[in-house]
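# Close look at the chain arrangement
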Amino acid sequence: MSTIEIETMSHLSTLQSSSDFLSTTTIIALTIFFSLLCACIIIGHLLEENRWANESITALLLGLCAGAVVLLASKGNSSKILVFSEDLFFLYLLPPIIFNAGFQVKKKQFFKNFTIILMFGIFGTVISFCLISVGAFLLFNRIGVTSLNTQDYLAVGAILSATDTVCTLQVLSQDETPFLYSVIFGEGVVNDATSIVLFNAVQSLDFNNIDAMISLKLLGTFLYLFFTSTILGVVAGLLSAFIIKTLYFGRHSTDREVALMMIMAYLSYMLAELLNLSGILTVFFCGIAMSHYTWHNVTQSSRITTKHAFATMSFIAETFIFLYVGMDALDIDKWKASSASAGTFIAVSSTLFALVLVGRAAFVYPLANFINCIRKRDGSNIAFRKQFIMWWAGLMRGAVTIALSYNQFSNSDDEDTQDSALMITSTIIVVLFSTVVFGSITKPLIEAVLLRHAKPNVSDATDIPSLDDLRLMFIENGEPSDMGAGPRRSSLRLLLTHPTWTVHYLWRKFDDRFMRPVFGGRGFVPFVPGSPTGASDEASRT
């Protein structure tokens, strides 16, 4: 046999083994997942008018059913098609969801409630973290879980303090309840970042040398991560706006505009992770900056394309996550690794869930009433009904909780394997129960508690007044006096009496005068000859 024939046969055998590998693992797994994604889309469409169901619950239940089928097909050996991977979740699935949320969020409503969002997302998470950690430490020994150390208890508090931002997007409406949507979703974004910061801090703590300065160090670390992550996201959004506005990509190809927006948004997330910052905060504020500046610099066809492309990628990633979680919940190896009885599973899961309930109630009601006390304007208080919905809708736990749980408990020593497996499976039970129960009841509960009792003359989406109305606030009597303009109020006095409106007014003036001429935006879109919408743009300008 000649050398050429031998080399050819070797090459063919290599290709065949590679093909066999793909056909038996990756291709089968992706085929099943894409089939389930199609089923989720179809079922979600059929259940569109059903107030008890949404895509996340549908995907979760389909994932459970598919996992059960695979488990039966393998005769109880394994239900794994894809192994739960933190890299897959944090690097590929989460960024498009958070970016699209920032890109589509109503900025006026979000920044109007920014103080509440920060209080709930930072102080609320810390309160919940402390209560859950202390509660787990006091109760787990009585249940029989004795091998966990101090670091594990603190990690449990950080893990269960992370609300499910993804499910919040589907159970709340930005149009019907804009206040609740902006507060709960915004809190979820800040909450996830805070939980991850706390979790990483717990991982790096030296428990042999704990001093009184540890809390100040944690606070300093969080403030550093929060501001640097936010600034990085805004800078990435402004850079994309400046490049697209300056180089006029629309003259030659709208595809380049869309591609540049997508890549720079993802690049901001990767840079944040590379610098050990919060990628969630970075890509969220990058989406806000792009929607305010970059989106207005592209052609009309690119605007339509980006809006739907980002929403589509976010929808697919959301559905994939819940399918993934549903199938991974039936990982038989984790259930077998723990020798705990059914009663112990129920006891640990119930304890964790009860701590989540108490931990969230411990900051929602006190902080909401504190905000009511410091607010002076009538009609701006957070009513008890809204407080209840804010408590209820924030009880859902999702893939971030599972990912952090795997990170903490999947690499334990041999003697701690049983309790570590027990903690992972109990966390999965909490995630499944909270998502299905609270996710399905939130919509009808909002209709029963809020929308049914809504006053026709009071809107939940009270918008910030126009610039003309805001300018009148700077005149003492609202009208010019006989001598000309009346005495103007001081900026400090206006800031104290109407902080939100004053900041908005000053920001709009600064934005119109300095930011938009440089980075583009509404009113500063350059005319691009030869673009698909050039004729319509020219007609609209004349």
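- Under an unreviewed UniProt entry, the name given to the protein is Cation/H+ exchanger transmembrane domain-containing protein, and the organism recorded is Gossypium darwinii.
- In its Subcellular location (unreviewed entry) section, the UniProt record describing the protein reads: "Membrane".

### A word on the overall build of the protein
- Across its full length, the protein holds 22 helices and zero strands.
- When burial is assessed residue by residue, the protein has 47% of its 542 residues classed as buried.
- The contacts in the protein between residues at least 6 apart in sequence include a share of 82% that link residues at least 24 apart.

### Some details on the side chain of S128
- Tracing the backbone shows S128 in helix α6 (residues 114-143).
- Residues within four places of S128 in sequence aside, it is in contact with S161, G359, R360 and F363.

### Re the confidence of the model for the protein
- Across the protein, the average pLDDT comes to 78, with 77% of residues at or above 70.
- Note that pLDDT drops below 50 for residues 3-9; the model gives that stretch two contacts with residues more than four away or on any other chain.
- Below pLDDT 50 for its whole length, residues 472-488 participates in 21 contacts with residues either more than four positions away or in separate chains.

### Side note on the state of the cysteines
- On inspection of all chains with the given rule, the structure shows zero disulfides.
- C38 forms no disulfide, and the closest cysteine sulfur to it belongs to C40, at a distance of 9.3 Å.

### Considering the pattern of salt bridges
- Evaluation of the coordinates by the stated rule reveals three salt bridges.
- A salt bridge links D511 to R516, with the nearest nitrogen and oxygen atoms 3.1 Å apart. The pair D511 / R516 is uniform in exposure class, with both members buried.
- The closest approach of N and O atoms between R516 and D512, which form a salt bridge, is 3.5 Å. With R516 and D512 both in helix α21 (residues 499-519) and four residues apart, the pair spans about one turn of that helix.

### A word on the packing of aromatic side chains
- In this structure the tally under the stated criterion is 29 aromatic pairs.
- Between F388 and W391 the ring centres are 5.7 Å apart and the planes differ by 45 degrees, which places this aromatic pair in the tilted class. Separated by three residues within a single helix, F388 and W391 lie in helix α16 (residues 384-393), roughly one turn from each other.
- Owing to a relative accessible area of 23%, F388 belongs among the partly exposed residues under this scheme.
- Geometrically, the ring pair formed by F510 and F514 is tilted, given 5.3 Å between the ring centres and 40 degrees between the ring planes.

### Some points on the side chain of S349
- Checked against the element boundaries, S349 lands in helix α15 (residues 342-374).
- Of note is the side chain of S349, whose polar atom sits 2.9 Å from the backbone oxygen of F345.

### Points about the nonpolar core
- With 127 residues, the main nonpolar core has F120, F140 and M390 as its most contacted residues.
- For this core, the element with the most residues is helix α9 (residues 178-204), which contributes 14 residues.
- Not counting residues up to four positions away in its chain, the partners in contact with M390 are F120, F179, L180, V183, I184, R360, V364 and I382.

### Concerning a nonpolar patch on the surface
- A cluster of nonpolar side chains, namely M213, L216, L219, L223, F227, I231 and V235, defines an oily patch on the protein surface of about 660 Å² accessible area.
- Note on placement: M213 falls in the loop between α9 and α10 (214-247).
- Accessibility expressed as a relative area gives 45% for M213, which makes it partly exposed.

### Brief notes about α10
- The terminal C-alpha atoms of α10, which comprises 34 residues, lie 49 Å apart, in line with the 50 Å expected from a rise of 1.5 Å per residue.
- Directly after α10, the chain includes Y248, whose backbone phi takes a positive value near 55 degrees.

### Focus: the packing of α16 against helix α18 (residues 417-449)
- Remark: α16 packs on α18, axes separated minimally by 10 Å, with the N-to-C direction vectors making an angle of 170 degrees. It follows that α16 is roughly antiparallel to α18 by the angle criterion. On the side of α16, the interface is formed by R385, F388, I389, W392 and A393, while α18 contributes F438, I441, T442, L445, I446 and V449.

### Brief notes about the packing of helix α4 (residues 86-104) against helix α12 (residues 279-292)
- Closest axis-to-axis distance for the α4/α12 pair is 7 Å, and the angle between their directions is 40 degrees. Relative to α12, the element α4 lies oblique. Handedness of the crossing formed by α4 with α12: right-handed. Residues L94, P95, I98, F99, A101, G102 and F103 of α4 lie in contact with α12, whose contacting residues are I280, V283, F284, C286, G287, I288, M290 and S291.
- Class assignment of the residues belonging to the contact of α4 with α12 gives a composition of twelve nonpolar, three polar and no charged.

### Observations concerning the environment of S85
- Considering the arrangement of structural elements, one finds S85 in the loop between α3 (55-73) and α4.
- Judged by its relative accessible area of 24%, S85 falls in the partly exposed class.
- Spatially, the C-alpha atom of S85 lies 8.9 Å from that of Y406, the residues being 321 residues apart in sequence.

Criteria and cut-off values
Per chain, residue numbering runs from 1 following the sequence as it is written. Restriction of local features to residues with pLDDT of at least 70 applies here, the model being predicted, together with a cutoff of 80 or more for giving and counting side-chain atom pairs; totals for whole chains, interfaces and linings are based on all residues. Side-chain numbers come from the whole structure's heavy atoms, not from hydrogens or water. UniProt positions are given in the numbering used here, feature names are shortened, and annotations may be inferred rather than shown by experiment. Secondary structure is summarised from DSSP: a helix means a run of H or I of at least four residues, a strand means a run of E of at least two, and numbering begins at the N terminus for each. Burial status follows relative accessibility: with a 1.4 Å probe on protein chains alone, a residue under 20% of its type maximum counts as buried, one over 50% as exposed, and anything between as partly exposed. The contact rule is simple, with two residues in contact once any of their heavy atoms fall within 4.5 Å. The predictor's confidence in any single residue is recorded as pLDDT, a number from 0 to 100. By disulfide we mean two sulfur atoms from cysteines, separated by a distance within 2.5 Å. Salt bridge, as used here: a side-chain nitrogen of Lys or Arg that lies within 4 Å of a carboxyl oxygen of Asp or Glu. Any Phe, Tyr or Trp ring, taking Trp's six-membered ring, that has another such ring centre within 6.5 Å forms a pair; planes under 30 degrees apart are called stacked, those over 60 apart edge-to-face, and the others tilted. As used in this structure description, the phrase polar contact means that two N or O atoms lie within 3.5 Å; if the pair is within protein, one of them must be able to donate a hydrogen and the other to accept it, and residues adjacent in sequence are counted only when both atoms belong to side chains. We call a set of buried Ala, Val, Leu, Ile, Met, Phe, Trp, Tyr and Cys residues a nonpolar core when their side-chain atoms join them within 4.5 Å. Any residue with relative accessible area above 30% and no salt bridge may belong to a patch, with like charges joined within 9 Å and the nonpolar Val, Leu, Ile, Met, Phe, Trp and Tyr side chains within 5 Å. All accessibility values rest on the Shrake-Rupley procedure with a 1.4 Å probe; residue burial counts only the protein chains present in the view. Multiplying one less than the number of residues by 1.5 Å gives the expected span of a helix. Orientation is described by axes fitted as lines to C-alpha atoms, over the contacting stretch for helices, and by angles from 0 to 180 degrees between their N-to-C directions. An angle below 35 degrees is treated as roughly parallel, one above 145 as roughly antiparallel, one from 65 to 115 as roughly perpendicular, and anything else as oblique. Crossing handedness is read from the near helix: turned anticlockwise from the far helix by less than a right angle, it gives a left-handed crossing, and turned clockwise, a right-handed one. Charged residues are taken to be Asp, Glu, Lys and Arg, nonpolar residues to be Ala, Val, Leu, Ile, Met, Phe, Trp, Tyr, Cys and Pro, and polar residues to be all remaining types, Gly included.

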